[in-house]
Amino acid sequence: MSVHAHPDDESSKGAATLAKYAAEGVEVLVVTCTGGERGDVLNPAMDRPGVREDLAAIRRVEMAEARRILGVRQHFLGFVDSGLPGPGEPLPEGCFALASLEEAAGRLVGLMRSFRPHVVVTYDETGGYPHPDHIRTHQVTVAAFDAAGEAGSHPEAGSPWRPLKLYYQGGLSRPWFRALHDAMTTRGMDSGMREVLAELPAAGLEITTRVPCAEYFATRDRALLAHATQIDPNAGFMLHDRDIEREVWPTEDYHLARSHVDVDIDVDIDVAIPEDDLFAGVRRPQRTTAAADAAACPGCG
């Protein structure tokens, strides 16, 4: 289960990983907390009459196409985009960032208990960047991850199910930008990343898990471009050389935040950090906590 704030986030953060696992037969569910109603039209080719007025419906169509390309399932959690208020501006009434944490986590707990994921992925406490919906997505997902296996929490949401591992997205890091920038400039190419590198903080999220998925970068790109109102094919992330990316950074990266399976190197389970699989310790013989033993079932989802 991969939990995101808006349509298009699933395609810009960890999409090749989703496509890889879906192609391997893993059941994958993308949860989208809001409909992206207050987003901008970021592709000049789509900034035409009628698009902004119908943006919510258009973004749902885009999400359906991206989901199809990735080969995953998708569910809207049903909250309204908070937008990105300027300094000192209040959040709009009724938006996701102002929603009750108990209510929002309860909705996600219900999905976790019905879908029964072994692995949950979302953003770290910063949201990846300081958008209020991304920060709220982190808070809601962590609360739901902790509550889903507790019989006394949200009893209206179904029978308890304890996910085994919680990861934070670690992509688009400073080392990623630096590796691609250096590789392109040494080949005499303009990376277009110099300004981004100047703005990114030196410190970043500790990476515990690198999932090899270069063969799915093209699928990721098709899913991104399906979000035509949000992705300009002639700017930003779409400009770097894909062959160089496959050569110098063929993984998507994550931080293991919580685990109910043993992930330290062990002669019995042969799992070590850094991992190369989000299901490390889940798809092979494992030593779990008693609570995880009670919740686990065959297969991965």
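Relevant structure appears above.
About the criteria used
Residues numbered from 1 in each chain as written. Predicted model: local features only at pLDDT ≥ 70, side-chain atom pairs only at ≥ 80, totals over all residues. Heavy atoms only, no water. Helix = DSSP H or I, 4+ residues; strand = E, 2+ residues; numbered from the N terminus. Rg over C-alpha atoms; globule rule 2.2 N^0.38 Å. Buried < 20%, exposed > 50% of the residue type's maximum accessible area, 1.4 Å probe, protein only. Contact = heavy atoms within 4.5 Å. Areas by Shrake-Rupley, 256 points an atom, 1.4 Å probe, with all protein chains shown as cover. Lys, Arg positive; Asp, Glu negative; His and termini not counted. Charge placed at Lys NZ, Arg CZ, Asp CG, Glu CD. Core = buried A, V, L, I, M, F, W, Y, C linked by side-chain atoms within 4.5 Å. Salt bridge = Lys/Arg side-chain N within 4 Å of Asp/Glu carboxyl O. Pairing = 2+ DSSP bridges. Right-handed = clockwise from strand over helix to strand, strands pointing away.

Engineer: Which residues make up the overall build of the chain, and what are the values?
Structural biologist: Tallying secondary structure elements over the chain gives 10 helices and seven strands in all. For 301 residues, the compact-globule estimate of 2.2 N^0.38 gives 19 Å, and the chain sits close to it at 19 Å. Overall, the chain is about 55 × 50 × 35 Å in size when its C-alpha atoms are taken along their principal axes. Counting only residues that meet the buried cut, the chain has 52% of its 301 residues in that class. Contacts in the chain between residues far apart in sequence, at least 24 positions, make up 78% of those at least 6 positions apart. Summed over its atoms, the accessible surface of the chain is roughly 13,600 Å², and 53% of this surface lies on carbon and sulfur atoms. Charged side chains of the chain number 29 positive and 46 negative; the gap between the two group centres comes to 3 Å.

Engineer: Now, about the nonpolar core: what can you tell me, with residues and values included?
Structural biologist: Grouped together as the largest cluster of nonpolar side chains are 33 residues, with contacts concentrated most on Tyr21, Val28, Leu70, Val72, Tyr167 and Leu278. Of all the secondary-structure elements, those providing two or more residues to this core are helix 2 (15-23), helix 3 (55-70), strand 4 (119-122), helix 8 (217-226) and strand 7 (251-259). In terms of residue count, helix 2 provides more of this core than any other element does, six residues in total. Beyond its immediate chain neighbours, meaning those up to four positions away, Leu278 contacts Thr17, Tyr21, Val119, Val121, Lys165, Tyr167, Thr209, Val211 and Tyr254.

Engineer: Can you explain the pattern of salt bridges? Please cite residues and give values.
Structural biologist: Applying the stated rule across the entire model yields 19 salt bridges. One continuous salt-bridge network, built from bridges that share partners, spans Lys20, Glu24, Asp277 and Arg283.

Engineer: Which residues make up the pairing of strand 4, and what values do they have?
Structural biologist: Here strand 4 shows two buried faces, one formed by Val119 and Val121 and the other by Val120 and Thr122. Note: strand 4 against strand 5 (residues 165-169), four bridges, orientation parallel. By the bridge assignment for strand 5, Thr122 is matched with Tyr168. In this fold, strand 4 hands off to helix 5 (residues 132-147), which returns the chain to strand 5; that crossover is right-handed.

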